[in-house]
Amino acid sequence: MVKGGRVSIDNCLSTTIWISPWLQAKESGFVTTEMNVSLKGSKICQLLYKSSKQWNESIVRDIFNLIDANNMLAVPINLRDTSNSWSWILEKKRKFTVRSVYCSIRGEVVGENEIYGVFWNKLRNLHIPLDICSFLREGGSGFLPTAYSLAGKRVFINERCQVCNRMSESAGHLVRTNDGLNFRDWCRSWLYELKGEEAELVAIISWRHWINRNNIVWGKQGDNTVNTINTVSQHILAWKSARLRSSIHGELRVGKDEGNNFWRCPTASFVKTKVDVARFEAEGKIRVGCVLRDEHGVIIQAM
């Protein structure tokens, strides 16, 4: 909230200079110049000409540092005598939305008033499965659960990469960015250079590399390079085949609403069951849970 909330200056008599976040800079809305004791409680109106609502540039530049002065002089002053209001600089329309906060937390704010940058738009335009797209989004936002990112959340595990057993594990190391790029910069490099199927191929290989890493971490056998590429090729063929909407002899045409990623109520006089299973190999046990709903979506039974 501190990052995006700003006071829109309408009534200069009520807004204090050093307390309120009224500067429209994307880094911070607060004045950074050290406050002189004699100026404590000063209002914005004291920085304006008395005869008009215009900035007194000589006073502003005499009191504040260069960055604050430039940010102040860029703030528009409403000539109407109305009460102050709040604006949200993370949206182009200056209105608060939960979506903009979520995007900001995920690192999708790449510039002032720009929620969806070029990088994220290119990522969304890739024709890849949703789970692979989610993997790239998490990696680009710094949320992949590598040893490095877990340490940042005070979850300390063996920092050595389980694949190579030589270097510390980070998202950049997993994709072999020898030039020091982080995961997002690495994705940006091939998203901008490659187009169409080439970019999609790199995305799926990256995801398969992450799956291979997880298999090794959990004590399973990892694939070599040849097997990984073969698996990726099969995955691409299966994905493209599933996306074909034209009718193929001997197969059913994909319906308009098939594949939509949301739950629907069953038809009248029917019930629908959702089942989930968890397996605990160490204990040799499994757990099963299910929910039964009627045609109105009301839960009939759960276990």
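Heads up: the structure comes first, above all this text.
No experiment lies behind these values; they were computed from the predicted model shown.

Peer 1: Hey, could you run me through the packing of aromatic side chains in this one?
Peer 2: For any pair of aromatic rings, the description rests on two quantities: the centre-to-centre distance and the angle between the ring planes. A full pass over the atoms with the stated rule returns three aromatic pairs. Aromatic side chains Trp22 and Trp55 sit 5.9 Å apart centroid to centroid with 20 degrees between the ring planes, which places their arrangement in the stacked category. Of this pair, Trp22 sits in the loop between strand E1 (5–8) and helix H1 (57–63) while Trp55 sits in the loop between E1 and H1, and the two are 33 residues apart along the sequence. In this structure, Trp22 and Trp55 share a single accessibility class: buried.

Peer 1: When you look at the environment of Ile19 in this model, what are you seeing that I'm missing?
Peer 2: Relative to the assigned elements, Ile19 resides in the loop between E1 and H1. A relative accessible area of 62% means that Ile19 is categorised as exposed. C-alpha separation for the pair Ile19 and Ser42, spaced 23 residues apart in sequence, amounts to 9.6 Å.

Peer 1: Sorry, what's going on with the packing of helix H9 (residues 197–217) against helix H10 (residues 225–243) here?
Peer 2: Angle between the axes and distance between the axes are the two parameters that describe a pair of packed helices. Contact geometry of H9 with H10 gives a least axis separation of 10 Å together with a crossing angle of 125 degrees. The orientation of H9 relative to H10 falls into the category oblique. Considering how the two elements wind past one another, H9 and H10 form a crossing that is right-handed. Residue-level contacts link Glu197, Leu201, Ile204, Ile205, Trp207 and Arg208 of H9 to Thr228, Ile229, Thr231, Val232, His235, Ile236 and Lys240 of H10. Partitioning the contact of H9 with H10 into residue classes produces seven nonpolar, three polar and three charged.

Peer 1: What am I meant to see in a nonpolar patch on the surface here?
Peer 2: Taken together, the side chains of Val275, Val277, Ile286 and Val288 make up a nonpolar region of the molecular surface, amounting to roughly 360 Å² of accessible area. For the nonpolar patch, the secondary structure elements donating two or more residues are strand E3 (272–280) and strand E4 (285–293). Within the secondary structure, Val275 is located in strand E3.

Peer 1: Please clarify how the environment of Lys272 should be interpreted in this entry.
Peer 2: Mapped onto the elements of the fold, Lys272 is located in strand E3. For the pair Lys272 and Val291, spaced 19 residues apart in sequence, the C-alpha separation works out to 8.2 Å. Apart from residues lying up to four places away in sequence, Lys272 is in contact with Trp263, Arg264, Cys265, Pro266, Val291, Leu292 and Arg293. At 2.8 Å, the side chain of Lys272 and the backbone oxygen of Arg264 are in polar contact.

What counts, and where the lines are drawn
- Within any chain, residue numbers begin from 1 and follow the written order of that chain's sequence.
- Residue-level local features of this predicted model are given only where pLDDT is at least 70; pairs of side-chain atoms are given and counted only at 80 or more, and the full residue set underlies all totals for whole chains, interfaces and linings.
- Side-chain figures throughout are based on the complete set of non-hydrogen atoms in the structure, without hydrogens or water.
- Two rings belonging to Phe, Tyr or Trp (six-membered ring only in the last case) form a pair when the distance between their centres is within 6.5 Å. Interplanar angles under 30 degrees mark stacking, angles over 60 mark edge-to-face geometry, and anything in between is tilted.
- Secondary structure is summarised from DSSP: a helix means a run of H or I of at least four residues, a strand means a run of E of at least two, and numbering begins at the N terminus for each.
- Accessibility here uses a 1.4 Å probe with only protein chains present; expressed as a share of the type maximum, an area under 20% marks a residue as buried, one over 50% as exposed, and anything in between as partly exposed.
- For every element, the axis is a line fit to its C-alpha atoms; helices are fit only across the contacting stretch, and the angle between N-to-C directions ranges from 0 to 180 degrees.
- Any angle that is under 35 degrees is reported as roughly parallel, and any over 145 degrees as roughly antiparallel; angles of 65 to 115 degrees are reported as roughly perpendicular and all others as oblique.
- A clockwise turn of the near helix away from the far one marks a right-handed crossing, whereas an anticlockwise turn of less than a right angle marks a left-handed crossing.
- It only takes one pair of heavy atoms within 4.5 Å for two residues to be counted as in contact.
- In the scheme used here, Gly and all other residues not listed as nonpolar or charged are polar, with Ala, Val, Leu, Ile, Met, Phe, Trp, Tyr, Cys and Pro taken as nonpolar and Asp, Glu, Lys and Arg as charged.
- Within this analysis, patches are made of residues with over 30% relative accessible area and no salt bridge. Like charges are joined at 9 Å or less; nonpolar side chains (Val, Leu, Ile, Met, Phe, Trp, Tyr) at 5 Å or less.
- Accessible surface area values rest on a Shrake-Rupley calculation with a 1.4 Å probe, where residue burial reflects the displayed protein chains alone.
- Definition used for salt bridges: Asp or Glu carboxyl oxygen within 4 Å of a side-chain nitrogen of Lys or Arg.
- Under the rule applied, a polar contact is a pair of N or O atoms within 3.5 Å (in protein, one hydrogen donor and one hydrogen acceptor; residues adjacent in sequence only if both atoms are side-chain atoms).

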